[in-house]
Amino acid sequence: MPQVHHATKELTVGQLSARSGVAVSALHFYEAQGLIHARRTLGNQRRYQREMLRRVAFIRASQRVGIPLSRIKDALEKLPAGRNPTPRDWARLSAAWRDDLDNRIGQLQHLRDRLTGCIGCGCLSLTTCQLANPDDILGSEGPGARNL
């Protein structure tokens, strides 16, 4: 990984990629989506402020827990302009997603519990399977294939 002197205030796209572990193409995509920004040199090369490292880390962590990019962008737009975000700013952003994450965790636990029961019984029947057809909803819709 290329070393970046600690006094360096701007990073090239290659340096940002190396430091963040995010592909250059993903950084270009994030920029096109308005999640990060760079200034352009006279030679039209991107230069990112060092704080973009933190933004990229926040984007990646948010994506890992399933937050859509549109919600990540909305959150990033709430950061204060004209100063680097503080740990408190970042905590406020992530706290706003806590209820959503708790709901998704509950849904995943419910799915896991039903999946275990389904695999345990081995039926995989469309009339009784709790995953493919909970409560035989498809049977009440009449004969024929419903999932095609």
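Worth saying up front: this structure is predicted, and the values here are computed from it rather than measured. (Residues numbered from 1 in each chain as written. Predicted model: local features only at pLDDT ≥ 70, side-chain atom pairs only at ≥ 80, totals over all residues. Heavy atoms only, no water.)

Describe the nonpolar core, naming the residues involved and giving the relevant values.
Membership of the largest hydrophobic core comes to 22 residues, with the highest contact counts inside it found for Leu 16, Leu 27, Ile 36, Ile 72 and Leu 76. For this core, the secondary structure elements donating two or more residues are α1 (13-20), α2 (24-32), α3 (52-64), α4 (69-77) and α5 (87-95). No other element matches α3, which puts five residues into this core. Apart from the residues within four sequence positions on either side, Ile 36 is in contact with Leu 16, Leu 27, Tyr 30, Glu 31, Tyr 48, Met 52, Arg 55, Val 56 and Ile 59. (Core = buried A, V, L, I, M, F, W, Y, C linked by side-chain atoms within 4.5 Å. Buried < 20%, exposed > 50% of the residue type's maximum accessible area, 1.4 Å probe, protein only. Helix = DSSP H or I, 4+ residues; strand = E, 2+ residues; numbered from the N terminus. Contact = heavy atoms within 4.5 Å.)

Pulling in residues and values, what's your account of the packing of aromatic side chains?
In this structure the tally under the stated criterion is two aromatic pairs. Residues Phe 58 and Trp 90 carry aromatic rings whose centres are separated by 5.0 Å and whose planes lie at 45° to one another, so their mutual orientation is tilted. Of the two residues, Phe 58 is situated in helix α3 and Trp 90 in helix α5; the sequence distance between them amounts to 32 residues. Comparing Phe 58 with Trp 90, the two get one shared label, buried. Considering the side-chain rings of Phe 58 and Trp 97, the 5.6 Å spacing of their centres and the 25° angle between planes classify their relative orientation as stacked. Residue Phe 58 is located in helix α3, and its partner Trp 97 is located in the loop between α5 and α6 (98-121); the two are separated by 39 residues in the primary sequence. For the pair Phe 58 and Trp 97, a shared accessibility class is recorded, and that class is buried. (Phe/Tyr/Trp six-rings, centres within 6.5 Å; stacked < 30°, edge-to-face > 60°.)

Explain the sheet that holds strand β2 (residues 39-40) residue by residue, including any values.
One open sheet accounts for three strands, arranged β1-β3-β2; its pairing is antiparallel. Two strands in the sheet have a free side with no partner beyond their single neighbour: β1 (10-11) and β2. Bridge count for β1 against strand β3 (residues 46-49) is two bridges, and the pairing is antiparallel. Looking across to β3, one finds that Leu 11 is bridged to Tyr 48. (Pairing = 2+ DSSP bridges.)

Help me get a handle on the packing of α3 against α4, residues and values and all.
Here α3 crosses α4 at 140°, and the two axes come no closer than 10 Å. It follows from the interaxial angle that α3 and α4 lie oblique. In this structure, the crossing between α3 and α4 has a hand that is right-handed. Here α3 contributes Arg 55, Phe 58, Ile 59, Ser 62 and Gln 63 to the contact with α4, which in turn contributes Leu 69, Ile 72 and Leu 76. When the residues that make up the contact of α3 with α4 are grouped by side-chain class, the tally is five nonpolar, two polar and one charged. (Axes fitted to C-alpha atoms, helices over the stretch in contact; angles between N-to-C directions. Parallel < 35°, antiparallel > 145°, perpendicular 65-115°, else oblique. Left-handed = near helix turned anticlockwise from the far one by under 90°. Nonpolar A, V, L, I, M, F, W, Y, C, P; charged D, E, K, R; others polar.)

Any details on α4? Residues and values, ideally.
Along α4, the residues classified as buried are Ile 72, Ala 75 and Leu 76. Relative to the axis of α4, the buried residues are bounded by an arc of 95° and lie together on one face. The inward-facing, buried residues of α4 contact α3 and α5. (Arc of directions from axis to C-beta.)

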